[in-house]
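A look at the structure
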Amino acid sequence: MINVLLLRKLFLIPVFFLFHSLAIAQVPSDTAVIDIDSVKTYIRIYDKSFLFIDSVTKTPISKITEQKFVPFLSFKKRRPVPFHLITKPAYISFTIYNSKPVADSICFFPGFLFTEIDLYKKTGNGTLEKINTWGTASGYPSFSMGPNETIEVVARLIMCKNDFIALTPFLISKKYLDTYQRIDLHQYEDIRTTGFILSGLLAMMILFTAANFFLTGKKEFLYYCIYSLCTFFLIFFYAYFYKQPGRINSYFLGYFDFFFLLAGTIFYIAFTRSFLDTKRHYKSLDKLFRIEEWFLTILLLIYTILHYFTDYFWLENMIEISMKFIALAIGVVYVVVALSKRRKLLNYLAIGNGLLIFFSCVSLVMILIKYPMSSVLTAALFYYEAGLILGLVFFLIGLVYKNRMELIEKIKVEEAMKLEAKKQEFENQLNVFKAQQEERNRISADMHDDLGAGMTAIRLYSELAKDKIKGQDIPEINKISSSADELLNKMNAIIWSMSSSNDSLGNMVAYIRSYAIEYFDETGIRCTINLPDAIPEMEVNGEIRRNVFLVVKEALNNALKHSNATQVSITFTINEKLLQLFIQDNGKGIDMENLRQFGNGLKNMKKRMDDVRIGFAIENKNGTLITLTRTLRN
């Protein structure tokens, strides 16, 4: 039994040393050596390289050559790299030989999304010497070799914090590098062009919303401007860096792509709240949006801390995925609730968001199943961009609709304000008119009570004086009596025109009738008054009554003094459209070519009627006919 155990130990000793030497892989076989002359364009070096990922010790670069490197192909999880290894430095080792008699250079390409790529060569004493001269930032670091030189190269790689990191080491001829990059870019030219076109549309939207914000001061345009800016950066950098290596692209895809996506989402929620005024119109949605805003903001802060200050990429990735699904779930809830409200403005935004969610899901599914891309229509990014375009279109439709509704509402408010102003103006005019009318009534009452009584007393005293001096003819006393009588009649006419209680058509007709009959009494002229069977209730203000009465008075005076008439008729007619007053005498008529005797009187009569918008006409018709015409409003 002892002999068997001893034999086993002796057998394990050479096996242990054999496996130990393979794990360290410090001395590659000749078949693992890469001849630089064989790299005409580019070659994969999967089978001729070794890998070490420093997952535990944080080994300094001076000690790397002492670590265990394994054959690259034995690492099965290199595409994609597991989450727990992404934050760890990776080292790829390979041996290369320059069989040319002249010096040459070659480029090393480890794959996409590396923030740092440093190349070292192993010196004779086992230390590492940095050899890359340029290209680290571009993702294609190069190094030079002398003629017939053999070196062992160690590439130190710092991976970007992204869940699609793949280790795919290539060697590319430096002369072929430009061609390689052009061919690589050409494969995705249609995707890049689509991204640039959408970026242009977003740039115009940024200018449009910024201009609207500065013109109107509305926060909704500021929020949408920031959302468009975040989306612009997201789409533009995706298009610019699509399938390209490099440090900046790694920074973008490691953190800023998600930052722009989430920040844009937060500002889009703020825009929606402001644009729809959810605080006033949709309180349940407003509460949901507020919770989502705070929740996403806090998670974004936690995500940032994890990204820059910790190595917990698995937790960072979990938060990123969680935020995307939470935002998606809330977006779906918003779309369902918004469509159920049946409000056009709300529905426009809901449809745009629904289309964006749908195409984002299509894009996500294509990424997860690794759908092969043969054209722009099979690219996952294209469908996300299509969703953005449709969301933008429905935003513009909603904006046009909202502007139209606001314009209608503004016109309604302005019309209401104008109506209120007119109403106030009318009330002010009515108050002024009432005050004027009250003043007229007061003056007419004072004239009737004071001046009327005084004029009556003068007329009475003149008559008493005439009785006391019977038999004596004193012209002055007769003039005092007649002047007092005439002045009393004029004063009564003024009082009648000023009193608001007389502001009616029937009162005016009655007053003219009474005056005409009394005027021609004991003059030898027969006066007839023709009135309609019914005089409608119609308001006639004091100004019109006074001017009409003075014209009638002047016409009757002319008929008495100048016409030699024996008969005068006054006729009122009224229908639905016209009110007319005819004053007709049977005298000698009027000499239209010689109006000296009537000149000023006729001019005054016409002017009075023009002032109150009443038609005036005078003509010879079996005497003199004066016609006053007033068009009635419907």
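Residues numbered from 1 in each chain as written. Predicted model: local features only at pLDDT ≥ 70, side-chain atom pairs only at ≥ 80, totals over all residues. Heavy atoms only, no water.

Take the overall build of the chain next. Looking only at helices and strands, the chain features 15 helices and 16 strands. Per element, the accessible surface of the chain, about 36100 Å² overall, is 61% carbon and sulfur. (Helix = DSSP H or I, 4+ residues; strand = E, 2+ residues; numbered from the N terminus. Areas by Shrake-Rupley, 256 points an atom, 1.4 Å probe, with all protein chains shown as cover.)

Phe94, Ile96, Phe108, Phe143, Leu157, Ile172 and Tyr334 are the most contacted members of the largest nonpolar core, which has 91 residues in total. If you tally residues by element for this core, the top one is helix α6 (residues 247-276), at 12 residues. Core analysis: the second largest hydrophobic core is formed by 36 residues, Tyr515, Cys527, Ile544 and Ile626 among them. (Core = buried A, V, L, I, M, F, W, Y, C linked by side-chain atoms within 4.5 Å. Buried < 20%, exposed > 50% of the residue type's maximum accessible area, 1.4 Å probe, protein only.)

With that settled, the discussion passes to the pairing of strand β5 (residues 90-97). Taken across its eight residues, β5 has seven buried, putting it largely inside the fold. Pairing analysis gives three bridges linking strand β1 (residues 33-35) to β5, with the strands arranged parallel. When the sheet's bridge partners are listed, Asp35 is paired in β5 with Tyr97. The pairing of β5 with strand β10 (residues 150-159) spans eight bridges and is antiparallel. When the sheet's bridge partners are listed, Ser93 is paired in β10 with Val154. (Pairing = 2+ DSSP bridges.)

With that settled, the discussion passes to the packing of helix α4 (residues 189-216) against helix α5 (residues 219-241). Look at α4 against α5: their axes get within 8 Å of each other, and the N-to-C directions meet at 160°. Overall, the two elements α4 and α5 adopt an arrangement that is roughly antiparallel. At the point where α4 passes α5, the crossing takes the left-handed sense. (Axes fitted to C-alpha atoms, helices over the stretch in contact; angles between N-to-C directions. Parallel < 35°, antiparallel > 145°, perpendicular 65-115°, else oblique. Left-handed = near helix turned anticlockwise from the far one by under 90°.)

Let's shift gears to the pattern of salt bridges. Opposite charge on two side chains lets them pair, provided their charged atoms get close. What the rule picks out here adds up to 13 salt bridges. Between Lys40 and Asp37 there is a salt bridge; the shortest N-O distance is 3.4 Å. Given the relative accessible area of 59%, Lys40 is considered exposed. Asp118 is the partner of Lys130 in a salt bridge, and the nearest nitrogen-oxygen pair spans 3.3 Å. Separated by 12 residues along the polypeptide, Lys130 in strand β8 (residues 128-130) and Asp118 in strand β7 (residues 114-122) bring together distant segments of the chain. Under the relative-accessibility criterion, Asp118 is labelled buried at 11%. (Salt bridge = Lys/Arg side-chain N within 4 Å of Asp/Glu carboxyl O.)

Across a sheet, paired strands are connected by hydrogen bonds in the backbone, their directions being either parallel or antiparallel. In spatial order, the strands read β2-β11-β6-β9; together these four strands make up an open sheet with antiparallel pairing. Two strands bound the open sheet, and with one partner strand each, they are β2 (42-44) and β9 (142-145). Taken pair by pair, the neighbouring strands of this sheet meet at an average axis angle of 25°, ignoring direction. Of the strand pairs in this sheet, strand β6 (residues 104-109) and strand β11 (residues 170-173) are connected by four bridges, and their pairing is antiparallel.

The next thing to look at is the sheet that holds strand β12 (residues 526-530). One open sheet holds the five strands; their spatial order is β12-β13-β14-β16-β15, and the pairing between them is mixed. Only two strands of the sheet have a single neighbouring strand rather than two, namely β12 and β15 (615-620). Each neighbouring strand pair of the sheet contributes to a mean axis angle of 10°, computed without reference to strand direction. Pairing geometry for β12 and strand β13 (residues 567-574), over five bridges, is parallel.

To continue, consider the packing of aromatic side chains. Evaluation of the coordinates by the stated rule reveals 50 aromatic pairs. When the centroid spacing of 5.6 Å and the interplanar angle of 70° are considered together, the rings of Phe236 and Phe237 count as edge-to-face. Between Phe237 and Phe241 the ring centres are 5.8 Å apart and the planes differ by 15°, which places this aromatic pair in the stacked class. One end of the pair is Phe237 and the other is Phe241, both in helix α5 and four residues apart, which spans about a single turn. (Phe/Tyr/Trp six-rings, centres within 6.5 Å; stacked < 30°, edge-to-face > 60°.)

Even without glycine at this site, Leu113 takes up a positive phi of about 65°. According to the relative accessible area criterion, Leu113 is buried, its value standing at 8%. Residues other than glycine seldom take positive phi values, yet Asp277 does so here, at roughly 50°. Along the polypeptide, Asp277 turns up in the loop between α6 and α7 (278-281). Overall, Asp277 belongs to the partly exposed group, its relative accessible area being 27%.

Across the interface, helix α9 (residues 313-341) lies against helix α10 (residues 344-368) with an axial gap of 9 Å and an inter-helix angle of 145°. The handedness of the crossing between α9 and α10 is left-handed. Between α9 and α10, the residues in contact are Leu328, Gly331, Val332, Tyr334, Val335, Ala338, Leu339 and Lys341 and Leu346, Asn347, Leu349, Ala350, Ile351, Asn353, Gly354, Ile357 and Cys361, respectively. (Contact = heavy atoms within 4.5 Å.)

Let us look at the confidence of the model for the chain. Chain-level statistics for the chain give a pLDDT mean of 81 and a share of 83% at 70 or above. Per-element confidence in the chain ranges from a low mean pLDDT of 35 for helix α1 (residues 2-24) to a high of 94 for β5. Every residue in residues 1-28 scores below 50 in pLDDT, and together they form 16 contacts with partners more than four places removed in sequence or on other chains. (pLDDT = per-residue confidence, 0-100.)

On the surface, Ile321, Phe325, Leu364, Val365, Leu368, Ile369 and Tyr371 cluster together into a nonpolar patch covering about 680 Å² of accessible area. Those elements that place two or more of their residues in the nonpolar patch are α9 and α10. Its place among the elements puts Phe325 in helix α9. (Patch = residues over 30% accessible without salt bridge, like charges linked within 9 Å, V, L, I, M, F, W, Y side chains within 5 Å.)

Secondary-structure assignment places Ile248 in helix α6. For Ile248 and Phe237, which are 11 residues apart along the polypeptide, the C-alpha to C-alpha distance reads 9.8 Å.

With that settled, the discussion passes to the pairing of β10. When you tally the buried positions in β10, you get seven out of 10 residues, the bulk of the element. Relative to β10, β7 runs antiparallel, the two sharing seven bridges. Bridged to Leu119 within β10 is Ala155.

The next thing to look at is α6. In this model, α6 (30 residues) spans 42 Å end to end at C-alpha, consistent with the 44 Å of a helix rising 1.5 Å per residue. Largest kink in α6: about 50°, centred on Leu253. Here α6 lies mainly inside the structure; 21 of its 30 residues are buried. Residue Asp277 follows α6 closely and has a positive phi angle near 50°. (Expected span 1.5 Å × (residues − 1). Bend = angle between axes of the 7 residues up to and from the residue.)

Among the secondary structure elements, Tyr240 is positioned in helix α5. Judged by its relative accessible area of 42%, Tyr240 falls in the partly exposed class. Put simply, Tyr240 and Leu185 are 55 residues apart on the chain and 9.9 Å apart in space, counted from C-alpha to C-alpha.

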